[in-house]
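What follows is each chain in one-letter form.
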Amino acid sequence: FLADDALEGRLAGSTGERCAADYIARQMKALGLEPGGAARTFFQDVPLASAINPHATGGTGRNVLGVLRGSDARLRDQWVVVGAHYDHLGRGGSGSLAPNERNSIHNGADDNASGVAAMLEVARTLTQARPARSVLFIAFTGEESGLLGSSAFTAHPTIPLAKTRAMLNMDMVGRLGANPVIVYGTGTAREWDAIIGSATRAENVEYRGQADGIGPSDHTSFYTSDIPVLHFFTNTHSDYHKPSDDWEKID
């Protein structure tokens, strides 16, 4: 759904982006998540003017937020954030790597409909066996224009950042093949290597860890707010930021 031509590439602030946000909010509600945005809605408005990207669309986009309350009365006021950006490039513009197709719809199936789909699947799984701590699921807008959605959230959080124990980010997780999954941020908490090693062995998936918590995706906004992060990534490919990044290629 997210990578269909009807959404016209989910450019931040566009009609397609609003349609995608409404869809994600409906999915969160159907899973039983509570609204995590303003005035008990699933949305948080995000100004889209960017000092980093002069080609950003301007106007207003929306983050989409859903809450799963923790099951442990002693720990449920602590938080883990699970996030993925849902915006993409629309019809290409300055971000396109296909200069001869810049007016073609860039569907962004891997970047990052894949991360949003994975985030919703994590939410579905956790609603069936609630963790001790509370979880905030966020679909960010404006990532392609300079991490605008995640920066807006950390500047105006809807949960206490001081009680946020970790942020897990999924950006381009749809095309693993036979390769190891890349995990950035492994050096941002002492516990990460043991946790990731145990989890990947259980799933028979190799991983390649990268210590740094700074990178070109939304986890950076949380790491610079002193929160441990992980960024899951199945690596780039020849369809990156091109109209050919379509859902049929997701594995």
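What this report covers is the structure whose coordinates are included nearby.

What counts as what
- Residue positions are counted from 1 within each chain, in the order its sequence is given.
- Given that this is a predicted model, residues contribute local features only at a pLDDT of at least 70 and side-chain atom pairs are listed and counted only at 80 or more, while totals for whole chains, interfaces and linings are drawn from all residues.
- By convention in this description, side-chain values take in all heavy atoms of the structure and omit both hydrogens and water.
- Numbering of helices and strands starts at the N terminus; helices are DSSP runs of H or I of at least 4 residues and strands are runs of E of at least 2.
- Buried residues are those whose accessible area, probed at 1.4 Å on protein chains only, stays under 20% of the maximum for their type, while exposed residues exceed 50% and partly exposed ones sit between those limits.
- Any pair of residues with heavy atoms lying within 4.5 Å of one another is described as a contacting pair.
- When the centres of two rings from Phe, Tyr and Trp lie within 6.5 Å, Trp using its six-membered ring, the rings pair. Their planes under 30 degrees apart give stacked, over 60 give edge-to-face, and anything left gives tilted.
- We call a charge positioned above a ring when the Lys NZ or Arg CZ atom is no farther than 6 Å from the ring centre and deviates by at most 35 degrees from the ring normal.

Let us now look at the side chain of Ser150. Structurally, Ser150 is set in helix 3 (residues 148-155). You can call Ser150 buried: its relative accessible area is 0%. Among residues more than four places away in sequence, those in contact with Ser150 are Phe140, Asp218, Ser221 and Phe222.

Moving on, we come to the packing of aromatic side chains. Here the structure, examined in full by the defined rule, presents 4 aromatic pairs. Both rings, one in Tyr184 and one in Phe233, keep their centres 6.2 Å apart while their planes meet at 40°; by these two values the pair is tilted. In this pair, Tyr184 sits in strand 7 (residues 181-184) while Phe233 sits in strand 9 (residues 229-233), placing the two residues 49 residues apart along the sequence. Classification of Tyr184 as partly exposed rests on a relative accessible area of 26%. With a relative accessible area of 12%, Phe233 lands in the buried category. Pairwise contacts between aromatic rings join Phe140, Phe153 and Phe222 into one cluster. For the cation-ring pair, Arg62 lies above Phe43, with the distance from its terminal atom to the ring centre recorded as 4.0 Å.

Geometric descriptors of this kind do not, in isolation, establish any biological role.
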